[in-house]
Amino acid sequence: TTSRTPLTKRIMAISLVRIYKQSPVIPAIAGELLGTFLLTMAIGLDSRTSSASAQNPFAAFSVGVTLWLAIVITHPLSGAHLNPAVTFNLFLLNKVNLKQMIVYVVTQLTGASLA
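Just so it is clear, the model here is predicted, and its values are computed rather than measured.

### Looking at the packing of aromatic side chains
The geometry of an aromatic ring pair comes down to the distance between the two centres and the angle between the two planes. Under the criterion given, the structure shown has one aromatic pair. On the basis of an interplanar angle of 35 degrees and a centroid distance of 6.3 Å, the ring pair of F88 and F91 is categorised as tilted. With a gap of three residues between them, F88 and F91 both fall in helix α4 (residues 84-92), about one helical turn apart.

Written as structure tokens, this is what we have:
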């Protein structure tokens with residue numbers, strides 16, 4: 001395999017910034033998909049393990065850490081909605097338009113379904 005030189009890495013980083021500036025929708029969709037996937041997966045796995053050990057005081061810790069991580073990752077990309085109810089509320093408050101709301105909700109439902 002070939003190793004990437006610092007110049008190659010810099011060119012790739014500049015290209016990613018250029019893609020983001022030209023179309024910020026693509027990173028936002030990827031962020032919402034990944035964040036919702038991670039959060040739903042953590043909730044699903046936690047519910048499976050919590051039923052076996054109901055007395056575990058750290059049962060919800062994994063969900064909280066995953067939510068925090070998903071917010072930190074997706075906030076710069078999409079605002080970290082991660083939930084169709086949050087997106088719909090922001091639509092009602094005129095923070096997102098109808099097209100953004102539809103794209104975000106479909107992406108969030110897709111991410112949750114994949115988990």
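### Observations concerning the side chain of T107
Looking at where T107 falls in the secondary structure, it is placed in helix α5 (residues 98-114). Here the side chain of T107 touches V103 through a polar contact of 2.7 Å, landing on its backbone oxygen. Filtering out sequence-adjacent residues up to four positions away, T107 remains in contact with I29, E32 and L33.

### Comments concerning a nonpolar patch on the surface
Among the surface-exposed residues, L34, F58, F61, V65, W68, L69, V72 and I73 lie close enough to one another that they form a single nonpolar patch of about 800 Å² accessible area. Here I73 shows up in helix α3 (residues 61-78).

### Details of the packing of α4 against α5
At their nearest, the axes of α4 and α5 sit 9 Å apart, and the two run at 175 degrees to each other. Between α4 and α5, the crossing angle belongs to the class labelled roughly antiparallel. Each of P84, T87, F88 and F91 in α4 lies in contact with α5, whose residues at this interface are L98, M101, Y104, V105, Q108 and L109. In terms of residue class, the contact of α4 with α5 is made up of eight nonpolar, two polar and no charged.

### What to know about the side chain of S78
Positionally, S78 belongs in helix α3. Within the local environment of S78, its side chain forms a polar contact with the side chain of E32, the two groups lying 2.5 Å apart. In contact with S78, other than residues within four places in its own chain, are A28, E32 and Y104.

### Focus on the confidence of the model for the protein chain
Looking at the protein chain, the pLDDT average stands at 80 and 70% of residues meet or exceed 70. When mean pLDDT is compared element by element in the protein chain, α4 scores highest at 94, while helix α1 (residues 6-22) scores lowest at 60.

Reading the values: the criteria
Residues numbered from 1 in each chain as written. Predicted model: local features only at pLDDT ≥ 70, side-chain atom pairs only at ≥ 80, totals over all residues. Heavy atoms only, no water. Phe/Tyr/Trp six-rings, centres within 6.5 Å; stacked < 30°, edge-to-face > 60°. Helix = DSSP H or I, 4+ residues; strand = E, 2+ residues; numbered from the N terminus. Polar contact = N/O pair within 3.5 Å; in protein donor to acceptor, adjacent residues only side chain to side chain. Contact = heavy atoms within 4.5 Å. Patch = residues over 30% accessible without salt bridge, like charges linked within 9 Å, V, L, I, M, F, W, Y side chains within 5 Å. Areas by Shrake-Rupley, 256 points an atom, 1.4 Å probe, with all protein chains shown as cover. Salt bridge = Lys/Arg side-chain N within 4 Å of Asp/Glu carboxyl O. Axes fitted to C-alpha atoms, helices over the stretch in contact; angles between N-to-C directions. Parallel < 35°, antiparallel > 145°, perpendicular 65-115°, else oblique. Nonpolar A, V, L, I, M, F, W, Y, C, P; charged D, E, K, R; others polar. pLDDT = per-residue confidence, 0-100.

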